[in-house]
Amino acid sequence: MAQATYLKINPADSVVVCLQGKKKGEIIEIDGKTVTLNQDTPAGHKVLIKDVKEGEDIIKYGYPIGHARQDLKAGDWVNEDNLKTNLSGTLEYTYKPVNEELDIKRENRTFKGYVRKNGDVGVRNEIWIVPTVGCVNGIAERLVKELKRETHEEGVDAIYAWHHNYGCSQLSEDHENTRKVLRDICLHPNAGAVLVLSLGCENNQPEDFMAMLGDYDKERIKLLVTQRVDGDEVEAGMEILRGLYELAKQDKRETVGVDKLRVGLKCGGSDGFSGITANPLVGEFSDWLVAQGGTSVLTEVPEMFGAETILMNRCRTEELFGKTVSMINNFKEYFLSHGEPVGENPSPGNKAGGISTLEDKALGCTQKCGKAPVSGVMEYGDRLQSTGLNLLSAPGNDLVASTALASCGCHLVLFTTGRGTPFGTFVPTMKIATNPDLARRKPNWIDFSAGQLVEGRTMQELVPEFIDKVLAVASGQKAKNEENDYREISIFKNGVTL
């Protein structure tokens, strides 16, 4: 059987997606009729299969992805030049619940994790240095080098300093966002031990910050205020770190149920294949994990614009619906308050890959969270409270959003990409390629290829392999970003700098 070269995603669609590049004059047979291509059309891009008038909606995934800027003919290549977003400002929404419970069996799968004193489970056992302010980043990095030199990281998975530029000269909500994310990092179960490193005079005052941690493990989380050290602060830090290392290296992996696993869902450098390969694959995994009693988290609020009602109506309660409405409209207000249009999001790489409007991106992006009901909605910097599918307020920026997912308590991040990216945040950041070409060209970046779906593999075949891969990484197998030592954090900056 010949491999398909184009795909109509939903019966209601007025476009097909080219799975391979096509030339002007080629013929597509669809819905009992033939359509002749009017232009060369790259792989991942859309071809119109019916005439539309100026202002008429163009449909993909069964929903409008914008309207035609001018009259268009069947066979036209649809792109950002002839398609315009329908998005505008804040909206009023009505709760129309769709209760689609998952019909997925419980498999009693497990992984090897680290059980912490408070019952939390980590997928890594690392020693972290967390600066309360950017002024001590250099000291933190020197301490990491010294501890690695002394220990060679034997008995622990890694030693890192999570440097950043904040913790001072910030006000109000902006300052609290920084404090909350740093708190969340300190309490993350992937850390076997943490040194909180402070200067002493910063806005993020060390004693107040430590109080934010609540009832924390005082054996495993220690504070050093460098301005209060007489003499060499590096040696003072090493004295603390040596004790933390001796504790952390005693920790061993043990078998835990997959219901303890918490996974973040993210995409970046998307292309026209994202919404038909990698994102649906991750959506299948998310539904499977939720059905096992585990947790997944979707963020990138601007990339929900245009698909937000799908998520709103999957909320388990009207209260969650109200929180989702606020999350969407508050982020739109954030755009508008800076004089920026709500619908301007797709990057040059997105457009080159076949994504023409924010709705086009959003309807593909939200495929990552499958069909599970929404069980929780979190503000930026909040920590997970609910199992199941959660929504998290954060921007679409890859590193900011991935850091936010890790900070809320996710053990690892599943990151789908069509253009490719090497980065990782402070938890394993698995890259899932949307197309086979990327997987072949960048095997040093890509952990799993969902592009197999356009090469003849079925979703039914691929999902079990993907589940096995994720559980292997949760059990200690390094993600590519860890192999490459590409790891960092980025905190959302949304206020003035003094």
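The following paragraphs examine the structure supplied in this document. (Residues numbered from 1 in each chain as written. Predicted model: local features only at pLDDT ≥ 70, side-chain atom pairs only at ≥ 80, totals over all residues. Heavy atoms only, no water.)

### Here we look at the environment of Lys266
(1) Moving on: Mapped onto the fold, Lys266 is located in strand β17 (residues 262–267).
(2) Moving on: With 16 residues separating them along the chain, Lys266 and Val282 place their C-alpha atoms 9.5 Å apart.
(3) Moving on: Lys266 has contacts with Glu300, Lys368, Gly396, Asn397, Asp398, Ala401, Ser402, Leu405, Val413, Leu414, Phe415 and Thr416, leaving out every residue within four places of it along the chain.
(4) Moving on: Engagement of the side chain of Lys266 in a polar contact is seen with the side chain of Asp398, the distance being 2.9 Å. (Helix = DSSP H or I, 4+ residues; strand = E, 2+ residues; numbered from the N terminus. Contact = heavy atoms within 4.5 Å. Polar contact = N/O pair within 3.5 Å; in protein donor to acceptor, adjacent residues only side chain to side chain.)

### A few points about a nonpolar patch on the surface
(1) Moving on: On the surface, a cluster of nonpolar side chains totalling about 300 Å² of accessible area is made up of Leu171, Val496 and Leu498.
(2) Moving on: Here Val496 is to be found in the segment after α13 (480–483). (Patch = residues over 30% accessible without salt bridge, like charges linked within 9 Å, V, L, I, M, F, W, Y side chains within 5 Å. Areas by Shrake-Rupley, 256 points an atom, 1.4 Å probe, with all protein chains shown as cover. Salt bridge = Lys/Arg side-chain N within 4 Å of Asp/Glu carboxyl O.)

### Focus on the pattern of salt bridges
(1) Moving on: On inspection of all chains with the given rule, the structure shows 32 salt bridges.
(2) Moving on: For Asp251, the salt bridge identified is with Arg116, shortest N-O distance 3.0 Å. Residue Asp251 is found in the loop between α4 (233–248) and β16 (254–257), and its partner Arg116 is found in the loop between β10 (110–115) and β11 (121–122); the two are separated by 135 residues along the sequence.
(3) Moving on: For Asp251, a relative accessible area of 17% puts it in the buried group. (Buried < 20%, exposed > 50% of the residue type's maximum accessible area, 1.4 Å probe, protein only.)

### What about unusual backbone geometry?
(1) Moving on: We note that Tyr61 has phi near 60 degrees; this positive angle belongs to a residue other than glycine.
(2) Moving on: Topologically, Tyr61 is positioned in the loop between β6 (57–60) and β7 (63–68).
(3) Moving on: Positioned with a positive phi, Asp485 is a non-glycine residue whose angle comes to about 60 degrees.
(4) Moving on: Along the chain, Asp485 falls in the segment after α13.

### Let's talk about α4
Residues three or four positions apart in an α-helix share a direction because the helix packs 3.6 residues into each turn.
(1) Moving on: In a regular helix each residue adds 1.5 Å, so 16 residues correspond to 22 Å; α4 covers 22 Å between its end C-alpha atoms and thus fits that length.
(2) Moving on: Listed in full, the buried residues belonging to α4 are Val234, Gly237, Met238, Leu241, Leu244, Tyr245 and Ala248. The buried residues of α4 occupy an angular sector of 130 degrees when the element is viewed end-on, so they sit on one face.
(3) Moving on: In this structure, the buried side of α4 is in contact with β12 (126–131), α1 (137–151), β14 (191–198) and β15 (221–225).
(4) Moving on: Where α4 begins, one side-chain oxygen reaches toward the backbone nitrogen of Val234, 2.9 Å away; that side chain belongs to Asp232. (Expected span 1.5 Å × (residues − 1). Arc of directions from axis to C-beta.)

### Description of the side chain of Asn435
(1) Moving on: Mapped onto the fold, Asn435 is located in the loop between β22 (429–433) and α11 (436–441).
(2) Moving on: Take Asn435: its relative accessible area is 9%, and that puts it in the buried class.
(3) Moving on: Of the polar contacts made by the side chain of Asn435, one reaches the backbone nitrogen of Leu438; its length is 2.8 Å.
(4) Moving on: Apart from the residues lying within four places of it in its own chain, the contact partners of Asn435 are Asp271, Phe273, Gly418, Ser449 and Gly451.

### Things to note about the sheet that holds β7
(1) Moving on: Taking strand neighbours across the sheet as the criterion, the three strands line up as β6-β7-β9 in an open arrangement whose pairing is antiparallel. In the strand order of this sheet, the two ends are held by β6 and β9 (83–84), each with one partner.
(2) Moving on: The sheet strands contacting helix α9 (residues 358–365) are β6 and β7, and the helix crosses β7 at an angle near 165 degrees. (Pairing = 2+ DSSP bridges. Axes fitted to C-alpha atoms, helices over the stretch in contact; angles between N-to-C directions.)

### Details of the environment of Leu143
(1) Moving on: Within the secondary structure, Leu143 sits in helix α1.
(2) Moving on: In this structure Leu143 comes out as buried when scored by relative accessible area, which is 0%.
(3) Moving on: In this structure, the C-alpha to C-alpha distance between Leu143 and Pro464, residues 321 residues apart in sequence, is 42 Å.
(4) Moving on: Beyond its immediate sequence surroundings of up to four residues, Leu143 is in contact with Ile129, Leu195, Leu197, Val234, Gly237, Met238 and Leu241.

### Remarks on the pairing of β15
(1) Moving on: Note that β14 and β15 share five bridges and pair parallel. By the bridge assignment, Val196 is partnered in β15 with Leu223.
(2) Moving on: Each parallel crossover has a hand, and the one from β14 via helix α3 (residues 206–212) to β15 is right-handed. (Right-handed = clockwise from strand over helix to strand, strands pointing away.)

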